[in-house]
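Here is how the chains run, residue by residue.
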Amino acid sequence: MTPVDYEYLRKFLKERSGLDLSADKQYLVESRLLPLARKASLPGIPDLVLKIRNGDGRLATDVVEAMTTNETFFYRDKIPFDHLRETILPCLLQARAARRSLRIWSAASSTGQEPYSIAMCLKEMGAAFAGWRIEIVATDLSQEVLEKSRAGIYSQFEVQRGLPIQHLMKYFTQVGELWQLNADIRAMVQFRQLNLLQDFSHLGTFDVIFCRNVLIYFDQDTKAVIFERMAKGLEADGTLLLGAAESVVGITDAFRPITERRGLYQLNPARSGRPMGGLMPQPLKVAAAR
């Protein structure tokens, strides 16, 4: 791959997906795109670049998907899901008691493990949310991973990563050597294709937004724009969850961190002008379903 080809791909990927590749990531591009070039019966990456330049839309989409497919697994990093079970959902159970509805967004949901983990957390709370209208919206740029997500079928390796054995037995059905999430869990999640670089106000407002381990690939200006849009799509007392290595510090003042809750953020009332209830300083325990 020539330096010219690499610069073209850097610009193309940033414009199409927000992926901000540094000048020393040529090895990563080659490792991801050489198999794609071979699959398309092309001699190498320069030929792939030429076809994209000439308007091959299908190949352009394949390149974006090859470069933006990120690792995920059930209950990844654990702590955010502990916060969800022990603090966020109990507080929302009280704050939304009158309207009895809840909306959660899993942004950049990849192959579905995150939104399905959220669904299982809610299912475990059982009777606490009986009669509530629960909506979990999961979005991703890649149509390929969305199709896998909707099917809810995972390999033995995938279900062994982070998923408690009791949840595997309770919420999955074995299909040959694979495991499929039961229909009631799959029905709790709506999967939609979405590019975070584009306006997403049509999704409406949410009580909780999971946006973990995706913005680390964007530059500071792009992150700031996305945070501003998410601030507009979050309820006044809603919660934003970021990845362990992510922060809003130095990027936006639209959010402020929640004390002693790593990775959790709420709207900054000084910026938004909206009063906020805030999360309780101590977790409120809610009995799980038996």
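Quick caveat, the model's predicted, so the values are computed rather than measured.

**Re the overall build of the protein chain**
Then, in step 1: Helix and strand content of the protein chain: twelve helices and ten strands.
Then, in step 2: Here the protein chain, with 290 residues, has 49% of them falling under the buried criterion.
Then, in step 3: Within the protein chain, contacts between residues separated by at least 24 positions form 71% of all contacts whose residues are at least 6 apart in sequence.
Then, in step 4: For the protein chain, the exposed surface amounts to about 13,800 Å²; the carbon and sulfur share of it is 53%.
Then, in step 5: Each charge sign in the protein chain was given a centre, from 37 positive and 33 negative side chains, and these centres are 5 Å apart.

**Points about unusual backbone geometry**
Then, in step 1: With phi around 50°, Y75 is a residue other than glycine that occupies positive phi space.
Then, in step 2: Mapped onto the elements of the fold, Y75 is located in the loop between α4 (57-68) and α5 (79-95).
Then, in step 3: One non-glycine residue with positive phi stands out, namely R100, at about 55°.
Then, in step 4: Tracing the backbone shows R100 in the loop between α5 and β1 (101-106).

**So, the sheet that holds strand β4 (residues 172-175)**
Then, in step 1: An order of β3-β5-β4 is seen for the three strands of this open sheet, with the pairing classed as antiparallel. Pairing within the sheet leaves two strands with one partner each, and these edge strands are β3 (153-154) and β4.
Then, in step 2: Summarising the sheet, β3 and strand β5 (residues 178-181) pair through two bridges and their orientation is antiparallel. Across the sheet, the residue bridging to Y154 is W179, located in β5.

**A short note on the sheet that holds strand β10 (residues 264-267)**
Then, in step 1: Spatial strand order, β6-β2-β1-β7-β8-β10-β9: seven strands in an open sheet with mixed pairing. The open sheet has two free edges, formed respectively by β6 (189-193) and β9 (255-257), since each of these has just one partner strand. The sheet shows a mean angle of 25° between the axes of neighbouring strands, taken without regard to direction.
Then, in step 2: The pairing of β9 with β10 spans three bridges and is antiparallel. Of the residues in β10, the one forming a bridge with R256 is Q266.
Then, in step 3: Across the sheet, helix α7 (residues 143-151) touches β2 (133-140) and β6, and the angle it forms with β6 is around 165°.
Then, in step 4: Against the sheet, helix α11 (residues 220-232) contacts β1, β7 (206-211), β8 (234-242), β9 and β10, and its axis sits at roughly 140° relative to β8.

**A short note on the pattern of salt bridges**
Then, in step 1: According to the stated counting rule, one finds 19 salt bridges in the structure shown.
Then, in step 2: The shortest N-O distance in the salt bridge between K25 and D24 comes to 3.7 Å.
Then, in step 3: On the basis of relative accessible area, K25 is assigned to the partly exposed category, the value being 26%.
Then, in step 4: As a salt-bridge pair, D77 and R212 come within 3.6 Å of each other at their nearest N and O atoms. Here the residue D77 occupies a position in the loop between α4 and α5, and R212 occupies one in the loop between β7 and α11, the gap between them amounting to 135 residues.
Then, in step 5: Judged by its relative accessible area of 36%, D77 falls in the partly exposed class.
Then, in step 6: In the salt-bridge network here, residues are joined through shared partners; they are R96, R99, D207, E235 and D237.

**Quick word on α7**
Each turn of an α-helix holds 3.6 residues, which means side chains three or four residues apart point in the same direction.
Then, in step 1: Taken together, the buried positions of α7 are occupied by V145, L146 and S149. Projected down its long axis, α7 carries its buried residues within an arc of 105°, all on one side.
Then, in step 2: Buried residues belonging to α7 abut α6 (113-124), β2, β3 and β6.
Then, in step 3: G152 lies just past α7 and shows a positive phi near 65°.

**Notes on the state of the cysteines**
Then, in step 1: Tallied over the entire structure, the rule returns zero disulfides.
Then, in step 2: No disulfide involves C91; its sulfur sits 15 Å from that of C121, the nearest cysteine.
Then, in step 3: With a relative accessible area of 10%, C91 lands in the buried category.

**Some remarks on the confidence of the model for the protein chain**
Then, in step 1: Looking at the protein chain as a whole, its pLDDT mean stands at 89, while 93% of the residues score no less than 70.
Then, in step 2: This model gives residues 280-290 a pLDDT under 50, and the stretch forms 24 contacts once residues within four places in sequence are excluded.

**Regarding the packing of helix α3 (residues 45-53) against α4**
Then, in step 1: Running from amino to carboxyl end, α3 crosses α4 at an angle of 125°, the nearest separation of the two axes being 8 Å. As summarised for this structure, α3 and α4 are arranged oblique, according to the angle between their axes. Every pair of crossing elements has a handedness; the one defined by α3 and α4 is left-handed. Between α3, through L48, K51 and I52, and α4, the contact on the second element is made entirely by L59, A60 and V63.
Then, in step 2: Here the contact of α3 with α4 is built from residues that sort into five nonpolar, no polar and one charged.

What counts as what
- Residues numbered from 1 in each chain as written.
- Predicted model: local features only at pLDDT ≥ 70, side-chain atom pairs only at ≥ 80, totals over all residues.
- Heavy atoms only, no water.
- Helix = DSSP H or I, 4+ residues; strand = E, 2+ residues; numbered from the N terminus.
- Buried < 20%, exposed > 50% of the residue type's maximum accessible area, 1.4 Å probe, protein only.
- Contact = heavy atoms within 4.5 Å.
- Areas by Shrake-Rupley, 256 points an atom, 1.4 Å probe, with all protein chains shown as cover.
- Lys, Arg positive; Asp, Glu negative; His and termini not counted.
- Charge placed at Lys NZ, Arg CZ, Asp CG, Glu CD.
- Pairing = 2+ DSSP bridges.
- Axes fitted to C-alpha atoms, helices over the stretch in contact; angles between N-to-C directions.
- Salt bridge = Lys/Arg side-chain N within 4 Å of Asp/Glu carboxyl O.
- Arc of directions from axis to C-beta.
- Disulfide = S-S within 2.5 Å.
- pLDDT = per-residue confidence, 0-100.
- Parallel < 35°, antiparallel > 145°, perpendicular 65-115°, else oblique.
- Left-handed = near helix turned anticlockwise from the far one by under 90°.
- Nonpolar A, V, L, I, M, F, W, Y, C, P; charged D, E, K, R; others polar.

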